Amino acid sequence: MSTVGARTPRFVQVGAALGVAFLALPIVGLLRRVSWLTLWDQLTQSSSREALRISLYASLSATLLALIVGLPLAWCLARMQFRLRRVVRALVLLPMVIPPVVGGVALLGVYGKTNGLLGGVLDSVFGIQLTYSIWGVIIAEAFVAMPFLVLALEGGLRSINTRYEEAAAVMGASDLARFRSVVLPMLRPSLVAGLMLAWARALGEFGATITFAGNIEGRTQTTPLAVYTMLESNPEGAYALSFLLVAVCVAVLIGLRDKWIGGFAR
Amino acid sequence: MISLHGTVVAGEFSRRFDLEIGNEIVGVVGQNGTGKTSLLRTIAGLSALGSGQLSLNGVMVDQPAKRLFVLPELRSIGMVFQDHALMPFLSAVGNAALPLVVRGMKRGEAKTLALELLEQFGVADVAYQLSSTLSGGQSQRVAIVRALIGNPSVVLLDEPLSAIDEESRNGVRSVIASRLSMLGVPTLIVSHDQVDVVALCSRVEQLNRV
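Residues numbered from 1 in each chain as written. Chains lettered and ligands numbered in written order. Predicted model: local features only at pLDDT ≥ 70, side-chain atom pairs only at ≥ 80, totals over all residues. Heavy atoms only, no water.

**Student:** How should the packing of aromatic side chains be read in this particular structure?
**Tutor:** Counted by the stated rule, this structure contains 4 aromatic pairs over all chains. When the ring of Trp75 of chain A is compared with that of Phe179 of chain A, the centres are 6.1 Å apart and the planes differ by 55°; the resulting orientation is tilted. Of this pair, Trp75 of chain A sits in helix 3 (residues 46-79) while Phe179 of chain A sits in helix 9 (residues 175-203), and the two are 104 residues apart along the sequence. The ring of Phe17 of chain B carries Arg15 of chain B above its face, with NZ or CZ at 5.8 Å from the centroid. Sitting over the face of the ring of Phe69 of chain B, Arg75 of chain B holds its NZ or CZ atom 4.8 Å from the ring centroid. (Phe/Tyr/Trp six-rings, centres within 6.5 Å; stacked < 30°, edge-to-face > 60°. Helix = DSSP H or I, 4+ residues; strand = E, 2+ residues; numbered from the N terminus. Lys NZ or Arg CZ within 6 Å of the ring centre and 35° of its normal.)

**Student:** When you look at the sheet that holds strand 1 (residues 2-10) of chain B in this model, what are you seeing that I'm missing?
**Tutor:** Strand pairing in a sheet relies on backbone hydrogen bonds, with the paired strands running either antiparallel or parallel. Residues and elements named next belong to chain B. The 5 strands lie next to each other as 2-1-4-5-6, forming an open sheet whose pairing is antiparallel. Unpaired on one side and paired on the other, strand 2 (13-21) and strand 6 (68-69) mark the two borders of the sheet. As defined by bridge partners, strand 4 (residues 49-56) adjoins strand 5 (residues 59-63) across 3 bridges and the pair is classed as antiparallel. Its bridge partner lying in strand 5, Leu54 is registered against Asp62. (Pairing = 2+ DSSP bridges.)

**Student:** In this structure, what is going on with the pairing of strand 1 of chain B? I would like to understand it.
**Tutor:** Regular strands place side chains that alternate from one sheet face to the opposite one. Residue and element names in this part refer to chain B. Inspection of the sheet shows strand 1 paired to strand 2 by 9 bridges, in the antiparallel sense. The residue of strand 2 that forms the bridge with Ile2 is Ile21. Here strand 1 folds back onto strand 2, and the loop between the two strands holds 2 residues, one of which, Gly11, carries a positive phi near 65°. Relative to strand 4, strand 1 runs antiparallel, the two being bridged by 7 bridges.

**Student:** Can you help me understand the interface of chain B and chain A in this one?
**Tutor:** Many structure descriptions define interface size as the accessible area lost when the parts assemble. Contacts between the two partners involve 19 residues from chain B and, on the opposite side, 18 residues from chain A. Of the roughly 1,600 Å² buried where chain B meets chain A, counting both sides, 68% is carbon and sulfur surface. For the chain B face of the interface with chain A, the top three residues by lost area are Glu73, Phe89 and Val102 of chain B, together amounting to 35%. At the junction of chain B and chain A, the tally comes to 3 salt bridges. With a shortest N-O distance of 3.3 Å, Glu73 of chain B and Arg178 of chain A are connected by a salt bridge. Scanning the region where chain B abuts chain A turns up 5 residue pairs in polar contact (both at pLDDT 80 or more). Only helix 1 (36-44), strand 7 (77-80) and helix 2 (92-101) of chain B provide two or more residues apiece to the side of chain B that touches chain A. (Contact = heavy atoms within 4.5 Å. Buried area = accessible area lost by both parts, 1.4 Å probe. Salt bridge = Lys/Arg side-chain N within 4 Å of Asp/Glu carboxyl O. Polar contact = N/O pair within 3.5 Å; in protein donor to acceptor, adjacent residues only side chain to side chain.)

Right, dumping it as structure tokens:
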């Protein structure tokens, strides 16, 4: 006979089944609307192709940007004791919880050409305009994607026992050599997971991008923006692109299965 | 030459040391909590002196009063850690070669040298095994190879034979002894085993509880 804790009441099982249905039905609905016969044509028509190209370029650049500033940040959060650590941690989480469109508005407040905190200087001194350009897309995507990377890296760095780095230091390894030969190999699983999650988030970014970089076909129109635009004019194309995005995200989840799904299951 | 006159601190623990160690092998013995490991960590530069001064081979490396502290990577130390601290993602030979690799030697060249030493210590057969799969004794021998391979100017061995079984102990001890006499540098060996100390060391520093 099973113990009380191991017995799951029927109504809980029914609730769980409803939960599964709630998550799975939209995917079924999406797949039902995809016209499989014209899928390839829809994905390779010029506006889709452009959107995919911009998405790929911007999301990869955004992930790289997030890595460049996110790794040092994760390092400090994991390894340094400083007074404002809680504040910085909250700041890192902020883009995860604020509405992306608000993120876009906030970015306009900094980098906007006319009223932005830095936008005017960037434009007049360096001739750089971030809004309504591919750079705007990259910044917006990096802004929303960075928390995923920082959290994964911070967790990874915390789990590395510093005695390995001590051993390497005694061997004569400089800071950089220690990072390369000790930290990086041990951080690799977290790094890969963080990069994939951040990339998936950047790829799907909508609100901050449309607010900050606009929705200009061939310039700032990423795949999610193209889906939104096409839904009126060419629903078949919109479903085709949506299917592709879902497929990519599923692939990311499969890639992370050991790190995340397996970890939850066990 | 290790010249230490000062206070070794580790958390709540603190103890005054006055040591002069020439090119000789000195055993450090004493009960747990007498600061043996803290002493080695301080000489290696993994913790700083609370006060006083430490010089290695004539170079001042730690002098809090003058805010002087030389980083561990610049002290030319060969050290065996109590828990070995082998990199779990590297093979035995990868670990043994690491001190040479991090200082810029080509990986292949470093591994050839490491294999020779692993052979001397009787662990060449597990050279390509991941270090996390080695037995305690094998892992300890790899740690000894790693400590000695880079021709360090100071050698610090923290319980270097504790995990090695009785039968092979004599052999390992004599390989350590011959290797250390070749190096001819100041060496500190922390050990609980009287036999090891008598066999390897020219004199003993006895640490009593403070």
